[in-house]
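Spelled out from the first residue to the last, the chains are:
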Number of protein chains: 2
Amino acid sequence: MTARGPMPRRLEVAEGVVDLSHGAGGRAMAQLIEELFVATFDNELLGQNNDNAVTDPPPGRMVVSTDGFVVSPMFFPGGDIGSLAVHGTVNDVCMAGATPLYLTASFILEEGFPLRDLARVVASMGKAAQAAGVRIITGDTKVVERGKADGVFITTTGIGVARPGPVPSGDRARPGDAVLVSGTLGDHGIAVMSSRPGIGFATDLLSDSAALNGLVGAMMDAAPDIHVLRDPTRGGLAATLNEIARQSGVGMQLQEVAIPIRPEVTGACDLLGLDPLNVANEGKVVAICPPEHAAALLAAMRAHPLGGDAAIIGKVVDDPEHFVELETSFGGRRIVDWLSGEQLPRIC
Amino acid sequence: MTARGPMPRRLEVAEGVVDLSHGAGGRAMAQLIEELFVATFDNELLGQNNDNAVTDPPPGRMVVSTDGFVVSPMFFPGGDIGSLAVHGTVNDVCMAGATPLYLTASFILEEGFPLRDLARVVASMGKAAQAAGVRIITGDTKVVERGKADGVFITTTGIGVARPGPVPSGDRARPGDAVLVSGTLGDHGIAVMSSRPGIGFATDLLSDSAALNGLVGAMMDAAPDIHVLRDPTRGGLAATLNEIARQSGVGMQLQEVAIPIRPEVTGACDLLGLDPLNVANEGKVVAICPPEHAAALLAAMRAHPLGGDAAIIGKVVDDPEHFVELETSFGGRRIVDWLSGEQLPRIC
């Protein structure tokens with residue numbers, strides 16, 4: 001029992017830091033939630049101020065996805081951990097061809113983290129959520145001692161509603177299907193790497209971090225039977241295609257010359273000893289569809305602001321070994337494997 | 001691009017540790033997910049192996065809640081961070097009088113964390129989820145460098161379906177309503193504190209961590225118009241009642257003699273300079289209902305294994321200042337304030 005005092009004066013965002021009381025369930029935590037989270041994410045569900053949100057979703061199959069975000073540095077060219085935490089989870093819901101509706105947000109904060117930085121991250125989340133048309137309806141905040149976390153970690157969970165009809169899924173790729181990608185690869189990973197202390201290099205490159213629900217909606221309209229949609233995040237295109245190959249029990253053949261990669265990314269990868277196909281994207285989608293729908297799908301992608309550089313990059317083949325093979329620009333062939341090491345930690 | 005190798009041999013759970021590759025989106029991460037998470041949480045939705053889960057929830061209003069768990073130590077008498085991560089979120093969904101159905105789980109792991117401990121936490125989550133009748137349908141794993149987290153942090157999000165009829169909510173307490181609690185207070189907080197290095201003291205006390213959906217279901221059956229349900233976690237009963245008083249614009253009057261507290265908890269609180277009313281619970285519920293339903297509600301609570309020590313502890317009153325007042329065993333009165341400091345960090 002503490003002496004009853006007045007509510008503290010307004011949160012000192014400009015100069016204050018997170019302290020353990022902001023996670024202790026008392027007055028300081030209530031203030032942080034009200035003045036920062038509820039004020040920024042303003043909507044009537046969050047404003048219920050319960051430890052849950054109650055709502056009536058539209059009818060349809062429910063799609064749920066969750067992701068933790070630990071990107072380092074938390075502010076990077078083209079985004080920050082807040083916008084990324086919205087985009088990443090919105091996109092995972094989209095990959096079922098669904099419309100994302102709601103997000104939850106859980107924050108794990110390190111004691112001493114500047115409230116100014118937290119406010120910047122939260123503002124960025126709010127802006128990204130609004131742009132994507134999703135509402136942040138409930139959340140949680142925990143604080144750990146200095147040195148037991150790294151500023152802020154955010155976990156978001158997304159809930160959406162699937163369209164009627166077949167749902168794209170990683171196990172539905174079939175031999176003969178076309179493999180498309182919505183744009184240039186590796187932009188996010190290289191933009192984040194470029195801002196890391198000790199690795200930093202000069203580039204104008206921005207992360208591609210973006211909410212894909214608009215693009216995916218247009219794609220589903222143009223080609224209703226898309227077999228697979230997946231965003232090539234951690235592990236890049238290589239990991240994504242290998243996962244799909246394994247889930248679907250197929251192989252893939254790619255044309256290196258068809259894969260869109262910015263020269264800055266190629267250059268940075270040469271410098272860092274990376275393959276752009278292993279580098280993370282946060283605003284790109286891989287689509288696999290029957291060959292007869294590929295042209296319509298490509299046209300719909302290219303017509304969308306986030307799909308201008310879309311391309312057909314290869315096809316699904318019958319292969320009991322589930323290899324992803326690349327025909328190189330020189331006419332050779334190599335296996336595109338997924339990363340087995342730890343080259344790119346904390347990229348999202 | 002790495003050399004294509006065979007899938008690594010099975011995860012070295014007994015001797016291995018988490019390394020950065022387990023979060024890098026490649027082969028090691030896929031192995032961790034398959035051999036540990038999917039194998040333990042075994043269900044067909046998680047087995048879809050997409051970055052999302054697609055399902056048909058039963059009709060009804062949807063209830064969503066999310067919570068991060070950072071409890072220290074992660075293994076404590078009566079539970080661990082895994083069981084707690086299930087119980088805590090299941091309970092927050094229950095507090096809308098709803099039936100919890102699904103959980104998502106996001107893990108943030110520290111490099112070097114023993115896989116043996118992770119396996120123990122995951123097994124405990126799986127067991128708790130099964131006992132509570134909820135399925136863990138999708139998840140995520142991130143790894144940060146040694147010293148940037150503290151073993152494992154878990155964020156769970158719960159989704160459930162509300163019953164038809166009015167939903168309990170923190171803004172529905174009305175003057176005259178009875179205030180009930182389902183059992184002894186402070187058990188979780190004191191059990192966790194007892195196992196902290198530097199604070200540890202000998203006690204047989206166990207955390208009360210438990211899933212409340214069975215108890216809450218029986219309560220809703222017995223008293224369909226419960227105005228408020230809330231689990232007094234961080235900040236204890238004091239914080240919970242102050243929050244409700246503020247949300248509902250009312251005051252409360254409690255009888256100290258009616259509040260169930262174990263002698264071991266009272267003793268430990270004396271030792272630690274804490275008030276049991278500020279100490280966290282993880283398997284208790286506060287209920288506020290019209291006075292004419294209080295007897296039936298109390299009987300239903302006492303008839304349930306998790307409500308044997310349930311009690312009516314006070315009533316809601318008209319109070320423009322929204323004070324929570326306690327009539328002490330000596331006949332005096334004091335204000336029950338919520339904690340303004342940081343006495344109990346990382347209790348959940």
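For the structure given in this document, a descriptive report is provided here. A quick note: this is a predicted structure, and the numbers were derived from the prediction, not measured. (Residues numbered from 1 in each chain as written. Chains lettered and ligands numbered in written order. Predicted model: local features only at pLDDT ≥ 70, side-chain atom pairs only at ≥ 80, totals over all residues. Heavy atoms only, no water.)

### With respect to the overall build of chain A
Here's step 1: The helix and strand inventory of chain A stands at eight helices and 14 strands.
Here's step 2: Compactness check: chain A gives a C-alpha radius of gyration of 22 Å against a globular reference of 20 Å for 348 residues, within 12% of the reference.
Here's step 3: Expressed along its principal axes, the backbone C-alpha trace of chain A runs to roughly 75 × 50 × 35 Å.
Here's step 4: Here chain A, with 348 residues, has 63% of them falling under the buried criterion. (Helix = DSSP H or I, 4+ residues; strand = E, 2+ residues; numbered from the N terminus. Rg over C-alpha atoms; globule rule 2.2 N^0.38 Å. Buried < 20%, exposed > 50% of the residue type's maximum accessible area, 1.4 Å probe, protein only.)

### Regarding the sheet that holds strand β10 (residues 251-255) of chain B
Residues and elements named next belong to chain B.
Here's step 1: A sheet is described by the order of its strands in space; here seven strands give the open sequence β9-β11-β8-β12-β10-β13-β14, paired in mixed fashion. Looking along the sheet, the strands with just one partner apiece sit at the ends: β9 (228-230) and β14 (333-335). The average undirected angle you get between the axes of adjacent strands in this sheet is 25°.
Here's step 2: As paired strands, β10 and strand β13 (residues 324-327) are joined by four bridges and run parallel to one another. Considered in β13, the bridge of Leu254 is made with Leu326. (Pairing = 2+ DSSP bridges. Axes fitted to C-alpha atoms, helices over the stretch in contact; angles between N-to-C directions.)

### Looking at the relation of the copies chain A and chain B
Here's step 1: Least-squares fitting of chain A to chain B yields an RMSD of 0.0 Å, with the transformation described by 0.0 Å of translation along the axis and a rotation of 180°. The operation mapping one copy onto its partner corresponds to a two-fold rotation axis. Minimal C-alpha separation from the rotation axis in chain A is found for Ala149(A), amounting to 2.1 Å. (Least-squares fit on C-alpha atoms with pLDDT ≥ 70 in both.)

### Looking at helix α1 (residues 27-40) of chain B
Here's step 1: End to end, α1(B) covers 19 Å across 14 residues, agreeing with the expected 20 Å (1.5 Å per residue, within 8%).
Here's step 2: Remark: the principal bend of α1(B), roughly 30°, maps to Glu34(B).
Here's step 3: Looking only at α1(B), the buried set comprises Arg27(B), Ala28(B), Met29(B), Ala30(B), Gln31(B), Leu32(B), Leu36(B), Phe37(B) and Val38(B).
Here's step 4: Where α1(B) is buried, its residues contact α6 (236-248) of chain A together with β5 (98-110), α3 (115-132) and β6 (135-144) of chain B. (Expected span 1.5 Å × (residues − 1). Bend = angle between axes of the 7 residues up to and from the residue. Contact = heavy atoms within 4.5 Å.)

### A look at the packing of α1(B) against α3(B)
All names here are of chain B.
Here's step 1: Between α1 and α3, whose axes approach to 8 Å, the crossing angle comes to 30°. When the interaxial angle is binned, α1 and α3 end up roughly parallel. Contacts between α1 and α3 involve Leu32, Leu36, Phe37 and Thr40 on the former and, on the latter, Leu115, Leu118, Ala119, Val122, Ala123 and Gly126.
Here's step 2: Class assignment for the residues of the contact of α1 with α3 results in eight nonpolar, two polar and no charged. (Parallel < 35°, antiparallel > 145°, perpendicular 65-115°, else oblique. Nonpolar A, V, L, I, M, F, W, Y, C, P; charged D, E, K, R; others polar.)

### Some thoughts on the packing of aromatic side chains
Here's step 1: Under the counting rule described, the total for this entry stands at five aromatic pairs over all chains.
Here's step 2: Taking 4.5 Å as the distance between ring centres and 40° as the angle between the ring planes, the aromatic pair formed by Phe37(B) and Phe107(B) counts as tilted. Placement of the pair is Phe37(B) in helix α1 and Phe107(B) in strand β5, with a sequence separation of 70 residues.
Here's step 3: A relative accessible area of 6% means that Phe37(B) is categorised as buried.
Here's step 4: When the ring centre of Phe75(A) is taken as origin, the NZ or CZ atom of Arg120(A), which lies over that ring, is 3.6 Å away. (Phe/Tyr/Trp six-rings, centres within 6.5 Å; stacked < 30°, edge-to-face > 60°. Lys NZ or Arg CZ within 6 Å of the ring centre and 35° of its normal.)

### Brief notes about the interface of chain A and chain B
Here's step 1: Taken together, the 93 residues of chain A in the interface contact 92 residues of chain B.
Here's step 2: Each partner contributes to the roughly 7,500 Å² buried at the junction of chain A and chain B, and carbon and sulfur atoms together form 53% of this total.
Here's step 3: Where chain A packs against chain B, one counts ten salt bridges.
Here's step 4: The partner of Lys142(B) in a salt bridge is Asp67(A), and the shortest N-O contact between them spans 3.7 Å.
Here's step 5: Taken together, the connections running from chain A to chain B amount to 37 residue pairs in polar contact (both at pLDDT 80 or more).
Here's step 6: Ranked by the residues each element gives to the side of chain A that touches chain B, the list is headed by strand β6 (residues 135-144) of chain A, at eight residues.
Here's step 7: Of the residues belonging to the side of chain A that touches chain B, the class tally is 36 nonpolar, 32 polar and 25 charged.
Here's step 8: One ladder, built from three bridges, connects strand β2 (residues 62-69) of chain A with strand β1 (residues 53-55) of chain B; its direction is antiparallel. (Buried area = accessible area lost by both parts, 1.4 Å probe. Salt bridge = Lys/Arg side-chain N within 4 Å of Asp/Glu carboxyl O. Polar contact = N/O pair within 3.5 Å; in protein donor to acceptor, adjacent residues only side chain to side chain.)

### Thoughts on the environment of Met74(B)
All names here are of chain B.
Here's step 1: Examined against the element boundaries, Met74 turns out to sit in the loop between β2 (62-69) and β3 (75-76).
Here's step 2: For Met74, a relative accessible area of 15% corresponds to the buried category.
Here's step 3: Considered as a pair, Met74 and Asp150 are 76 residues apart in the sequence and their alpha carbons are 9.6 Å apart.

### Some remarks on the pairing of β2(B)
All names here are of chain B.
Here's step 1: For β2, the buried fraction is high: eight of the eight residues fall into the buried class.
Here's step 2: Along β2, one buried face is formed by Met62, Val64, Thr66 and Gly68 and the opposite face, lined by Val63, Ser65, Asp67 and Phe69, is buried too.
Here's step 3: With eight bridges joining them, β2 and strand β7 (residues 152-162) adopt antiparallel strand pairing. Along β7, the bridge assignment pairs Phe69 with Ile154.

### Some points on the nonpolar core
All names here are of chain A.
Here's step 1: Phe107 and Leu118 are the most contacted members of the largest nonpolar core, which totals 73 residues.
Here's step 2: The element best represented in this core is helix α3 (residues 115-132), accounting for nine residues.
Here's step 3: Among the domains, domain 1 (20-161) and domain 2 (178-335) are the pair contributing at least three residues each to this core.
Here's step 4: Contact partners of Leu118, with chain neighbours within four places excluded, come to Val18, Leu32, Leu36, Phe37, Phe107, Leu109 and Phe113. (Core = buried A, V, L, I, M, F, W, Y, C linked by side-chain atoms within 4.5 Å. Domains from an automatic or database assignment.)

### Structural notes on unusual backbone geometry
Here's step 1: Pro73(A) follows Ser72(A) through a cis peptide bond whose omega is 0°.
Here's step 2: The backbone phi angle of Asn49(A) is positive, close to 60°, even though this residue is not glycine.
Here's step 3: The topology assignment puts Asn49(A) in the loop between α1 (27-40) and β1 (53-55).
Here's step 4: Of note in the backbone geometry, Arg346(B) takes a positive phi value of approximately 55° without being a glycine.
Here's step 5: Given the relative accessible area of 6%, Arg346(B) is considered buried.

### Some points on the pattern of salt bridges
A side chain of one charge can pair with a side chain of the opposite charge when the charged atoms of the two come close.
Here's step 1: Summed over the entire model, instances satisfying the criterion amount to 36 salt bridges over all chains.
Here's step 2: Taking the shortest distance from any N to any O, the salt bridge between Asp337(A) and Arg27(B) comes out at 2.8 Å. Taken together, the residues span two chains, with Asp337(A) in the segment after β14 (333-335) and Arg27(B) in helix α1.
Here's step 3: Residue class for Asp337(A) comes out buried when judged on its relative accessible area of 1%.
Here's step 4: With a shortest N-O distance of 3.0 Å, Arg172(B) and Asp225(B) are connected by a salt bridge. Here Arg172(B), found in the loop between β7 and β8 (178-181), pairs with Asp225(B), found in the loop between α5 (213-222) and β9; they are 53 residues apart in sequence, far enough to count as distant.
Here's step 5: Its relative accessible area of 24% is what places Asp225(B) among the partly exposed residues.

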